[in-house]
Structure formats: structure tokens, C-alpha cells
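Architecture at a glance
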Amino acid sequence: MWGTIARIVLKFRWILLAVLVLATAVMTYHASKVQLSYEFTRAIPTDNPKYQDYQEFRKLFGEDGNLMVIGVQTKEFFREQFFNDYAALVKDIRKVKAVEDVLSVPASVNLLKDSTSEKLNVFPLFPNRKLSQQELDTAAAAFLNLPFYQGLLYNPETSAWLLGIRINKDVLNSKARNAVVADIVAAGEAFAKKYNVEFHYSGLPLIRTNMATKVASEMQWFLLGSIILSAVILLIFFRSLSAMALSLAVVIIGVIWSLGTIEWFDYRISLLNALIPPLVVVIGIPNCIYFLNKFHTAYNDADPSLGDKERKFKALHMMIERMGVVTLFCNIAAAIGFAVFALTKSAILKEFGIVAGINIMALFFISIIFIPAVLSFLPSPKPRHTKYLDNKWLQSILGKLEVWSLHHQKQIYIVTGIALIVAVAGIFRLRTEGFIVDDLPKTDKIYTDLKFFEKNFKGVMPLEIVVDTKKKNGLRQNPLQHFERIDSISSYIAAQPEMARPLSIVEGLKFARQAYYNGDSTSYGLPNSFDIAFLAQYLGSKGEDSTGKQNTFTKIIRTFMDSSKQRARISVNMADVGTKRLPQIIDSLSQRSAQIFDTAKYSVTFTGTSVTFLEGSAFIINGLKESIAWAFGLIALCMLYLFRSFRILVCSLVPNVIPLIITAGVMGWAGVAIKPSTVLVFSVALGIAIDITIRFLVNYKQELQLSKKTNQEIVVDTIHKTGISIIYTSLVLIAGFVIFCVSDFGGTKALGWLTSLTLVLATLTNLIFLPALLLSLVKK
């Protein structure tokens, strides 16, 4: 069959090449339109209850992840010039397009009792003009007498001050957010520079924007770096500019197709699928190496008496016939390693699996069309181009590997056994834990600024609690009873070291009670039965100032009840505690809420970005674990179909399972946690490492069927015939993944060094352990 395919490819090479060029032109058009992803909750499937709870919350109360915060630590905050310029900064930020509201000290308000009208009126604490030092001291004293703002806008113990900026949700999910965040940061930095203070920026809008920008930047550098590195290695191997250019053309076409596929399916570039173009490069180069290696070998073996053109075409025919099936199954195995992610319910994993799987298979068709066609037009290889086939250094290494495989099988098994025992011990040390920003280095400003807010305000990650009374206007009926329960759970939350004081309608009522008792800070507490007369009036008030606009205080309070007065919202800012601690916290809160709220009358839901992140991480990890099992099973079926031998199936899988176990053990001993970015290593490494085994065993099988040599002689021949290309290919793959180690993202860095480690181990097991296993299990 492959002989026929070889004749067709060579006979119709002009037509096939034209079709390839036309398809690449179409993909280039689509690749030019690809966009970045600005979504944040795509890891969870839409039918997941936690996802549905979060969407219901957004429908009732709006976004919870659209607050950007700016913090500064200074004891000069209420100095005349500093404060007036800070107030001007707030006004400038408010003017930035897509900024919906700014919560700040200069915009804070107070409630004052009007005995005549028997109402609570809202007045700004700091008039909207430049203030003298005397005016500022008076206003500051009033502000600091209000417990409502303590822990919300300032921390009196550390002299830290916070400014909150709400950004339009539609802008946050678009490219325009980059400019919005940049304008806010620029305004803040101008102020910070003037007063020689450090501003700290955080919140999900900033984190998401900066992460997306880093993804786009890294993808470009990794893509360029992997291409340059591959070009250098190819030039060293083949000492031919044409061979290097040919290989680079194949992977560049593959990259264009991968980007075009992302846009074709209406996907976006995310942190995960941004890895696909560099992966296409490091997977596509081995195709080129094996094809070129076989072409050069076949050309050298061809009858020298033949004409130069006839000899070249015979070598091309042999290249396609002998390497076509090998490359096909290698690409199928690699594609399976990625495509199994499409079997999960996570949108982001589905996209990665579909795009990666399709384009790795596309690399096979690009290679088998483009490489023979271009080689047929190029001059025949010169002796210096095939000199690498007789590399004495590599032949010496292969000779030593041969000796080990033939004469030290017992030692090989003992060393492998010891390594596996140590690795299994390391696996028991593995932990599953992820953080929202733990993929960033500890010195990155995003990380250090987040820690600033965790230290001074206990964090900025949103957790939302919805208390449902199960009936319309339920909060109006026996309101004091409802609010006492909300206050009780709020007190419990505030006592947790990782959580800030919650905001709810209850805090507004406490503020109103303080005002009712003439601003006495000791009266800041939940209204009792004697204060109930003004409670109903407060809930029914319009909360507007003299201009008819809702004041800042009313805007804050109105966000904590839905329009039907059935549900109350409790908002909590918390630290980035990670996927291990967060379930414990939520479980503790659930148990406490069950004690406070009668389940027959109330339902309490925990949601928000923190919960969806936790659920998304758990979903991705479980999906990746399942995908590894699927990849292993499907690759095993491919091996069984290809070799039709259970013994060779065992020989093909064992050398690839060993590196995965050792890598998992290394992760345990090195303290690398299992999280979405690291568990990806195993499926990727299995799909790529199995290529080495396929190429070795296919050559072994072909020799086994055609040769009259002994099994030992065939194994030795296979080591020397495939060893050079396997070593070259492994070096390219390892170099391609090592480049990920310079990433700013810890997950990408881990993917680089862990995959490289797995590939090194796979190369050793396939050139040492596999031959020993073949000699032990397989007889001619």
C-alpha cells in the first residue's frame, strides 16, 4: 500500500503541492484574524451546578470580578497637598472610559439625622473642592470615627489606604480592557512618582489583563525561539541550508495552520492553547529529521551505477514507503496524547485537544506532501550532507548502549526497579494545590501587590454568599430576624484569618444606626427591636441626593439585596488561599450557616470567582487524569493494531510508562504540586515519547520479517539504524521544551523541564531498556 502511496505522491507532486499552498493561503487569512481570550470561567462546563449558581448570581447582582484596587501605604494621607491631589486622581480615574464607579476616601459619605424630617440624609465627608488643612483635619476626624469604612477603605494599624474601581463587564471581556487598565495605572504612577510613594495594583481585572498580555508576548517569543533553536540544531545535524529551510518551512506551515484552526473554530488564544504553535514546531521537526534521515540512508544504499536523478527518486520512493507508516502512527500517537483533552467537558481543554489533535495530524500530511516534492526539485545530497550518518561519537555511544542491552540486562532491570521504588515513594508526596496567581514568580509585581492587599486588607479575591428567604419580599418580613442571622454568619467570617470583614445590608444598617444616635461610634451595631421604627423607613427610602442621583452609600447598600427583596448578598474579600485550603473554608462556612439558617426557610449558596476558580481547577485536573487513561488505552490499541503482537505491545508500553512514573516521583520529591499546568505534562509526554518506541519497533519488525539474522543481531542492527535519528530527534524535542523553562509562568516552566526530563528518560529506556526487553520476551 505504501509503495502505491509513494508513487502517487511523487507522480502528482505538483498538484499536491499546489493544493497545499492554496490551503496554507486560506489558513494564513484565518490566522491573521486570531484573537486573545479574555474569558475567565471557561474551565467549567455550562451544565455544572457551580457554574449555574454563578450565572444566577451575576443575573441578580451583577459582576463580582470587575473591581480593580489601588493601594498605598503612607502616614501623610491627610496632608493638604497629598489628599487634594489624591482626590484629583480619583476624578481623573472616574473619567477613564469604561470606569463605572470609584470607591475611595474622598468620595466617602456620612449619614446625618434630620430631626425635623425624621430622616437620615447623606452628606459627603469631603467636599468636592480643594480643602485647607483645617477643613481636612475636621473631615478626617469624622471619617475615622466611622467603623463602616475601617477595613474597607483603610487599615488604621498599617496606614494602608485603598481605592476601588469598578470596570464595565463588557469591556473586561474585550481587548479594550488593556487600554482601560493601562490608563488607570498610568494615572496612578504619575501620582506615585510625584509623592515618591509606591502604588500597589490588584484585583481580577488587572490580573486577567496582565496575564493575557504576558501570554501573547510569551507565545511570540517561544515561537520565535523554538524556530531559531530548531534551525540551529538542524544546521548542525545536516550541514545543509536547504535541509534546514525545508524543515523550517514544514513547521511554519504547521504553525500557520494551527493559528488558522483556532480562528476557524471561533476559538481564542488562551494560556493553554497558546502553547500549540511552539508544540507544533517541536513535534514537526522530528518528522522532517526522520524523513531526511531515511532519504539520506536510502540514497547512500542505492546502486551507485544508477543515474543521479533515478537514484534520488528511488531514495524518495523508499523514504515514503518505509517512513510513511512510521510517521503516520507516530503522529497518531502524538495526536491522541493531545486530542483526548477534547473528551473532557471543560471548554478550554476541549479547544486545546481539538486544535492540537487536528494540527498534529495535519503535520503528517504536510510532511509527506511537501518534503518529497521539494526534495525532488533540489540537487542530490552531497557527501557532507550524509556525513552525520557515520558520526563516530554517536556510533560510540550506540555501541555502549548495545553492550549494556546485550550483556547487562540484569543490572538494567535492577537499576530500573530501584528508580521506580524511589519514584513511587515520591508519588506519595504529591499534593494537589493551585492558586490564582501561583504560576507567576514570587518577585512579579502582580504577585507582590496581591500579597500587599492580603497583608493589609486580607485579600481581594471575591467570595459571594447568597441568602435566599425562598419568598418574594421575604427580607421585609421579620427583617430583624433575617439580619441577625446574616450578622451572625458575618461575624464568623470576619474571625477567619484569611477573610476580610464581609459587606452586606447589615453593615449598612449598622452605619444607619450610628447616624441615628448622632454619630456615636459605639452605636455602630445591628438595630434592635427598639430601633425597628426607622428600619422599615430605611429599606423603603429612595436613597437619592438633592440632584436625584443615588449617592455612594446607597449604591453600595442597594447591591446587597435583589429587586424582589427575596435574596440578600454577603460579599467577602479573601486571600488567594489555594485549592487545598478553600474547600476547607467553604465547608466550615457551610456547616456554620446550616446552624444559623433554618434550611426549611432559607437556602444559602456559596459562589463568586473564588468558587468558580476552585471548581474549574478541580475539573481540569480530573479531566486531565481521565485523559491520561484515555490516551494510554487508545495508544495501546494503536500499538496492538500496528504490531499484532501482545508481547511487542508490552515492550512498547513499558518503556514509556517508566519515565512517566519517574517524572511523577521527581515532582513529589521536588515539591511540584499537581495542578492544571503540571498534570498536562503526562499526556503530552506520553504522546510524544511513544514516537521513539514506534520508530524503533517498526524498524525492528521490518527487519524481523525480512532478515534471516538472529533476534540479537536484529536488535543490534535496529539500535544502530534508528539510534542516530532517535538521538537527534530527542535533542530537538528536549531543546524545544527546554525553551519553556524561561517562561514567567510557573506552569509553563514546569511543563518545559518536566517534559524534557520525561523525554530524556524515554530516550534512555527506549535505547537501553527496550532492547533488553525485546531480547528477553520476543523470539523470532
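Parameters at a glance
- Residues numbered from 1 in each chain as written.
- Predicted model: local features only at pLDDT ≥ 70, side-chain atom pairs only at ≥ 80, totals over all residues.
- Heavy atoms only, no water.
- Helix = DSSP H or I, 4+ residues; strand = E, 2+ residues; numbered from the N terminus.
- Buried < 20%, exposed > 50% of the residue type's maximum accessible area, 1.4 Å probe, protein only.
- Pairing = 2+ DSSP bridges.
- Axes fitted to C-alpha atoms, helices over the stretch in contact; angles between N-to-C directions.
- Contact = heavy atoms within 4.5 Å.
- Patch = residues over 30% accessible without salt bridge, like charges linked within 9 Å, V, L, I, M, F, W, Y side chains within 5 Å.
- Areas by Shrake-Rupley, 256 points an atom, 1.4 Å probe, with all protein chains shown as cover.
- Salt bridge = Lys/Arg side-chain N within 4 Å of Asp/Glu carboxyl O.
- Expected span 1.5 Å × (residues − 1).
- Core = buried A, V, L, I, M, F, W, Y, C linked by side-chain atoms within 4.5 Å.
- Left-handed = near helix turned anticlockwise from the far one by under 90°.
- Nonpolar A, V, L, I, M, F, W, Y, C, P; charged D, E, K, R; others polar.
- Parallel < 35°, antiparallel > 145°, perpendicular 65-115°, else oblique.

Here we come to unusual backbone geometry. Even without being a glycine, Ala 98 presents a positive backbone phi close to 85 degrees. Considering the arrangement of structural elements, one finds Ala 98 in the loop between helix 4 (80-95) and strand 2 (99-103). Of note in this structure, Lys 458 is not a glycine but carries a positive phi near 65 degrees. The topology assignment puts Lys 458 in the loop between helix 15 (445-457) and strand 8 (461-468). Accessibility expressed as a relative area gives 31% for Lys 458, which makes it partly exposed.

For the rest of this paragraph, the subject is the sheet that holds strand 9 (residues 567-574). Adjacent strands of a sheet form backbone hydrogen bonds with each other and so pair up, either parallel or antiparallel. Here we have three strands laid out as an open sheet, ordered 9-8-10, and antiparallel in their pairing. Whereas interior strands pair on both sides, the edge strands pair on one side only; in this sheet they are strand 9 and strand 10 (603-607). Pairwise comparison of adjacent strand axes, ignoring direction, gives a mean angle of 20 degrees for this sheet. Note: strand 8 against strand 10, five bridges, orientation antiparallel. Bridging from a neighbouring strand, Ile 465 pairs with Phe 606 of strand 10. Across the face of the sheet, helix 16 (residues 479-494) comes into contact with strand 8 and strand 9 while running at roughly 10 degrees to strand 9. With respect to the sheet, helix 20 (residues 578-596) is in contact with strand 8, strand 9 and strand 10, its orientation differing from that of strand 10 by roughly 165 degrees.

Where nonpolar side chains cluster on the molecular surface, the patch consists of Trp 221, Leu 224, Ile 228, Val 232 and Ile 236 and spans about 530 Å² of accessible area. Structurally, the position occupied by Ile 228 is in helix 8 (residues 204-238).

Let us now look at helix 4. For helix 4, built from 16 residues, the straight-helix expectation of 22 Å at 1.5 Å per residue is met to within 8% by its first-to-last C-alpha distance of 23 Å. For helix 4, the secondary structure elements touched by its buried residues are strand 1 (67-73), strand 2, helix 5 (133-144), strand 6 (160-167), helix 7 (177-195) and strand 7 (199-202).

Attention now moves to the nonpolar core. Soluble globular proteins tend to bury their nonpolar side chains together. Of all hydrophobic cores here, the largest spans 156 residues; its most connected members are Phe 338, Leu 680 and Ile 694. Excluding its chain neighbours within four sequence positions, the residues that come into contact with Leu 680 are Leu 272, Leu 275, Phe 341, Phe 352, Leu 624 and Leu 751. Residues Tyr 201, Leu 509, Phe 560 and Ile 596 belong to the second largest nonpolar core, which totals 100 residues.

Two elements in contact, helix 9 (residues 241-264) and helix 10 (residues 276-301), have axes whose closest approach is 8 Å; the angle formed by their N-to-C orientations is 145 degrees. With respect to the hand of their crossing, helix 9 and helix 10 are arranged in right-handed fashion. The residues of helix 10 that touch helix 9, namely those facing Ala 243, Leu 246, Ser 247, Val 250, Val 251, Gly 254, Val 255, Ser 258 and Leu 259, are Ile 276, Pro 277, Val 280, Val 281, Gly 284, Ile 285, Cys 288 and Leu 292. Taken together, the residues that form the contact of helix 9 with helix 10 break down as 13 nonpolar, four polar and no charged.

Another point: the pattern of salt bridges. This structure, assessed with the given rule, holds 16 salt bridges. One salt bridge connects Glu 198 with Lys 445, and the closest N-O pair in it is separated by 3.7 Å. Pair noted here: Glu 198 is in the loop between helix 7 and strand 7 and Lys 445 is in helix 15, with a separation of 247 residues, a long-range link. Assessed through its relative accessible area of 37%, Lys 445 is described here as partly exposed. As a salt-bridge pair, Asp 487 and Lys 510 come within 2.8 Å of each other at their nearest N and O atoms.

For the rest of this paragraph, the subject is the packing of helix 10 against helix 11 (residues 308-339). Where helix 10 meets helix 11, the axes come as close as 8 Å, and the angle between the chain directions of the two elements is 150 degrees. Relative to helix 11, helix 10 is oriented roughly antiparallel. As for the relative orientation of helix 10 and helix 11, their crossing is right-handed in sense. Between helix 10 and helix 11, the residues in contact are Leu 279, Ile 283, Asn 287, Tyr 290, Phe 291, Lys 294, Phe 295, Ala 298, Tyr 299 and Asn 300 and Asp 308, Arg 311, Lys 312, Ala 315, Leu 316, Met 318, Met 319, Arg 322, Met 323, Thr 327, Asn 331 and Phe 338, respectively. Split into classes, the residues belonging to the contact of helix 10 with helix 11 amount to 13 nonpolar, four polar and five charged.

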